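Given next are the chains, with one letter for each unit.
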Amino acid sequence: MNSLPVVIPKDINKYFFNRKKEISQINANLSLLDMDVANQFLITGYRGVGKTFLLKKILNDQPDKYLTAYIDLSKIYGAQKGELTEEKVIKEILDKINETINKDEKLYDNIKSHITNFINQLKLKNYDLSNIKLTHIELPEIKDNYLKLSKFTMELPQLIVDSSPDIKGFIIVIDEFQLLKSLKKPDAFFWLIRSYSQEQFNVSYIFTGSVSQTGEIINMINGQNGAFGGRMLQFNIDPFTKDQTKRYLNERLSSLKFTDGGFERFYSCTRGIPAYINSLASILPSNIECDEEIIKETLLLNVDQIVIMWLYVWGSLTSIEKEMIIFMVENEHVNWSLLARELNYSKSTITKYVDSLLNKGIIEHTFNKEYVLSDKMLKTWLEIKYENDGIYPA
Ligand SMILES: Nc1ncnc2c1ncn2[C@@H]1O[C@H](COP(=O)(O)OP(=O)(O)O)[C@@H](O)[C@H]1O
Ligand SMILES: [Mg+2]
């Protein structure tokens, strides 16, 4: 094979590399659904490290006895211009569960009457369910009915399992879950999920997002006083090691050759993050041995292509957030007081946007309460753009 994907490809198996250990650990715990043991998962790791790809592969490979739903919060977050609400999230979960059951006529016929009964019990009057395809549910009065709607949505997956003899479990992935931190009451939302999931023996939730394993949100959801109080199984997805990177490139892009120093440079630029490995390797010349100089030049000239995953994120930031990031590129030892002193905003504004950057996994706390960019490549990109264009990207 001689190409590497720069997005998540349709043909997952053709491009997916390794992660055998993570896959078997996660699958071993998911397979307990058969025995009415529902684990909840928390999967962290840097942006671009391969969390989404891994989970898509895992969902894809589940046996038919498990139903799956995948919810990407960054999609609704983007569509809502950063205003995420509980209702929107619940509705998205419902939509995806609905997609799953509508895919399978037989399953659908099986569970139809059970769902109708449940709806009648809940007296979800505002939802016209005469034609029970859930896609036709009108959700006009979500506000008044949020409690009922969330009860309906959260109990639906277990109801589906209970009413279908062939189905043993339901696996629900919530991707970029750190964005839930922008809800008005994020803890209340985690407690809601917790309160339903603890009484459901066949529904596993997998929360995953581009956050560090010690992030504040992790504490909120799985810390001692968090909703799940440490009961969630936590996995961090690591970048590829040097050896894995070497093996991956040999196997998947054998035309690419490095000098020893060239490979070292390649690894230190990409830090083993597959998103960067794929995009940088794809544009390196394949007819010559790449040395340090070639890697450096290629990065300089094609930096936009390499940081492609950041372009979208950068475009979605407010001007204050961008200003803060640039401040962190230009200064060392940045802490809250320095930001408050040097940037011309009120203290509450500084706090609001620092929180927002932390929640998005763009910056993180160091042990001594300084802020740093989570990804050095973001810094490299901004520096190269400034050097080339004289200004930072808008
Ligand atoms: N196991 C893997 N094998 C091959 N390529 C991978 C792998 N994991 C990630 N990638 C590449 O990295 C890119 C980013 O992965 P993604 O799952 O979107 O990262 P994350 O969700 O952690 O931000 C993918 O589009 C894919 O090209
Ligand atoms: Mg992802």
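Please read all numbers here as calculations on a predicted model, not as lab measurements.

**Observations regarding the confidence of the model for the chain**
- Per-chain confidence: the chain averages 88 in pLDDT, with 93% of residues scoring 70 or above.
- When the criterion is pLDDT under 50, residues 127–132 qualifies, and its contacts beyond four places in sequence or with other chains add up to 16 contacts.
- Predicted confidence is poor over residues 135–143, with pLDDT under 50, and the contacts of this stretch with residues over four places away or in other chains come to 21 contacts.

**Section: the pairing of strand S3 (residues 169–175)**
- Taking burial as the measure, the seven residues of S3 include seven buried ones, the bulk of the element.
- Burial of S3 is two-sided: the residues Gly169, Ile171, Val173 and Asp175 facing one way and the residues Phe170, Ile172 and Ile174 facing the other way are all buried.
- The pairing of S3 with strand S4 (residues 203–209) spans six bridges and is parallel. Residue pairing in the sheet places Ile172 in a bridge with Tyr205 of S4.
- In this fold, S3 hands off to helix H8 (residues 186–197), which returns the chain to S4; that crossover is right-handed.

**Remarks on the pattern of salt bridges**
- The tally for this structure, following the rule as stated, stands at 15 salt bridges.
- The partner of Glu251 in a salt bridge is Arg252, with the nearest N and O atoms 3.5 Å apart.
- For Arg252, a relative accessible area of 10% corresponds to the buried category.
- Each of Asp304, Lys385 and Asp389 takes part in salt bridges that share partners, so that together they form one network.

**Quick word on the pairing of strand S1 (residues 41–44)**
- In S1, alternate side chains face the same way, and those of Phe41 and Ile43 on one face and Leu42 and Thr44 on the other are all buried.
- As paired strands, S1 and S4 are joined by four bridges and run parallel to one another. Pairing of Phe41 across the sheet is with Ile206, part of S4.
- With four bridges connecting them, S1 and strand S5 (residues 233–236) associate as parallel partners. Residue Phe41 lies in a different strand from S5, and its bridge partner there is Leu233.

**Side note on unusual backbone geometry**
- One non-glycine residue, Asn18, adopts positive backbone phi at about 60 degrees.
- Even without being glycine, Arg271 reaches a positive phi, approximately 50 degrees.

**Section: the state of the cysteines**
- Tallied over the entire structure, the rule returns zero disulfides.
- The thiol of Cys269 is unpaired, and the distance to the nearest cysteine sulfur, on Cys290, comes to 12 Å.

**Some words on the site of ligand 1**
- Ligand 1 sits among 21 residues. The nearest are Phe17, Gly48, Lys51, Thr52 and Phe53.
- A distance of 2.7 Å separates an oxygen atom of ligand 1 from a polar side-chain atom of Lys51.
- Relative to its unbound accessible surface of 560 Å², ligand 1 loses 93% to contact with the protein.
- For the shell around ligand 1, the elements supplying multiple residues, two or more each, are helix H3 (51–60) and helix H12 (274–283).

**Let's talk about the sheet that holds S4**
- The strand order across the open sheet formed by five strands is S2-S3-S4-S1-S5, and the pairing between neighbours is parallel. Each having just a single partner strand, strand S2 (66–72) and S5 make up the two edges of the open sheet. In this sheet, neighbouring strand axes are inclined to one another by 15 degrees on average, regardless of whether the strands run parallel or antiparallel.
- Seen against the sheet, H3 touches S1, S2, S3 and S4 and runs at an angle of roughly 160 degrees to S2.
- Its contacts with the sheet place helix H7 (residues 146–162) against S2, S3 and S4, and it is angled at close to 150 degrees to S3.

Reading the values: rules and limits
- Residues numbered from 1 in each chain as written.
- Chains lettered and ligands numbered in written order.
- Predicted model: local features only at pLDDT ≥ 70, side-chain atom pairs only at ≥ 80, totals over all residues.
- Heavy atoms only, no water.
- pLDDT = per-residue confidence, 0-100.
- Contact = heavy atoms within 4.5 Å.
- Buried < 20%, exposed > 50% of the residue type's maximum accessible area, 1.4 Å probe, protein only.
- Helix = DSSP H or I, 4+ residues; strand = E, 2+ residues; numbered from the N terminus.
- Pairing = 2+ DSSP bridges.
- Right-handed = clockwise from strand over helix to strand, strands pointing away.
- Salt bridge = Lys/Arg side-chain N within 4 Å of Asp/Glu carboxyl O.
- Disulfide = S-S within 2.5 Å.
- Near = heavy atom within 4 Å.
- Polar contact = N/O pair within 3.5 Å; in protein donor to acceptor, adjacent residues only side chain to side chain.
- Areas by Shrake-Rupley, 256 points an atom, 1.4 Å probe, with all protein chains shown as cover.
- Axes fitted to C-alpha atoms, helices over the stretch in contact; angles between N-to-C directions.

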